[in-house]
Amino acid sequence: MTSIEKNISALQERIEKFATSAGRDSQELLLLAVSKTRDIEEIQRAASQGLNAFGENYLQEALHKINALKSMSFEWHFIGPLQSNKTKQVAENFGWVHTVDRLKIAKRLNDQRPENLGPLNICLQINIDNEPTKSGLSPDQACDLALSIRQLPNLRLRGLMAIPQARHNIKSQRQPFRALFLLKQEINQQLDNFQKLDTLSMGMSGDIEAAIHEQATILRVGTDIFGPRPDKANNKEDKTT
Ligand SMILES: *Cc1c(COP(=O)(O)O)cnc(C)c1O
């Protein structure tokens, strides 16, 4: 087995264990393999272990992989910052977008979503720690945006996503995830039964245990599957050689 394969089975065992200790069924959890900076072959390795949902941050890099892996019917999730000039290609090539934080972007995705693909799944990115430099909308704006997005027929609002500040013990890691869970409950009180949010996209390599305990439904994991990412300086060197 390659290390990707070993990593995935070790990760799945941990997820199983954390789900059990949280009193949850691991079937409720989607393991989203974050494949930014990884090549086609690494993605295929992960797929050979049964993973079929991949998260990408950078549009051009993602389009190349989506195209090369077209025959595989993977589910592609866009998890990077999203500007207006990228919405069309995102709407045409992805099944999910986790990083919607304003109505303008949502309307463009709605208008540009090809009918034959069905509604695009959407999570609102919440700046859960109210950090000035982070993207995402503030928790107190989330309900209004959710209600507006609900009116857009080519989008299916699924839930909330957050990238909290790094914290180093499980007890403090759980706090922002708890806050995101409570925000979802609060928004759901405003929505009709058939429209309720069912998704919490939270938990990365360093904090999946905390996220599982606070009712995450999508774990976005890169490093614990593929190993450490090369840093940007290394990438540049690769290109010039
Ligand atoms: C890179 C990234 C991840 C994965 O992070 P790891 O720590 O490598 O698991 C998850 N979510 C987002 C939004 C990312 O950009």
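Provided above is the structure to which this section pertains.
Before going into details, it helps to say that this report is about the structure given with it. What you see is a predicted model, and the numbers here were worked out from it, not measured in a lab.

Here is what the cut-offs are and how they apply
Per chain, residue numbering runs from 1 following the sequence as it is written. Side-chain atom pairs in this predicted model are given and counted only at pLDDT of 80 or more, local residue features only at pLDDT of at least 70, and totals for whole chains, interfaces and linings cover all residues. The side-chain quantities take in all heavy atoms of the structure and omit both hydrogens and water. Strands here mean DSSP runs of E at least two residues long; helices mean DSSP runs of H or I at least four residues long; both are numbered from the N terminus. To estimate how far a helix should reach, multiply one less than its number of residues by 1.5 Å. Each residue is assigned a bend, namely the angle between axes fitted to the seven residues that terminate at it and the seven residues that start at it. Partly exposed residues are those whose accessible area sits between 20% and 50% of the maximum for their type, while under 20% is buried and over 50% is exposed, using a 1.4 Å probe and protein chains only. Here, residues are in contact when the closest pair of their heavy atoms is within 4.5 Å. Here a polar contact is recorded for every N or O atom pair within 3.5 Å, except that within protein the pair must consist of a potential hydrogen donor and a potential acceptor, and residues adjacent in sequence are included only if both atoms are side-chain atoms. Throughout, near means a residue has at least one heavy atom within 4 Å of the molecule or strand. The Shrake-Rupley method, run with a 1.4 Å probe sphere, supplies the accessible areas, and residue values consider only the shown protein chains as cover. Only Asp, Glu, Lys and Arg are considered charged, only Ala, Val, Leu, Ile, Met, Phe, Trp, Tyr, Cys and Pro nonpolar, and every remaining residue, Gly among them, polar.

Right, let's get into helix α7 (residues 170-188). The periodicity of an α-helix, 3.6 residues per turn, causes residues three or four positions apart to be oriented the same way. Its 19 residues place the ends of α7 27 Å apart at the C-alpha level, agreeing with the 27 Å of an ideal helix rising 1.5 Å per residue. Remark: the principal bend of α7, roughly 25°, maps to Pro176. Of all the residues in α7, the buried ones are Ser172, Gln173, Pro176, Phe177, Leu180, Phe181, Leu183, Lys184, Ile187 and Asn188. At its buried positions, α7 is contacted by α6 (142-149), β6 (155-161), β7 (199-201) and α8 (208-213). Capping the start of α7 is the job of one residue whose side-chain oxygen sits 3.2 Å from the backbone nitrogen of Lys171: Asn169.

Around the ligand lies a shell of 13 residues, among which Lys36, Asn57, Ser205, Gly222 and Thr223 are the nearest. Side-chain polar atom of Lys36 to an oxygen atom of the ligand: 2.6 Å apart, as the coordinates give it. Contact distances for the ligand include 2.8 Å between an oxygen atom and a backbone N or O atom of Gly222. In the complex, the protein chains occlude 89% of the 380 Å² of accessible area that the ligand would expose alone. Looking at side-chain class alone, the shell around the ligand contains 6 nonpolar, 4 polar and 3 charged residues.

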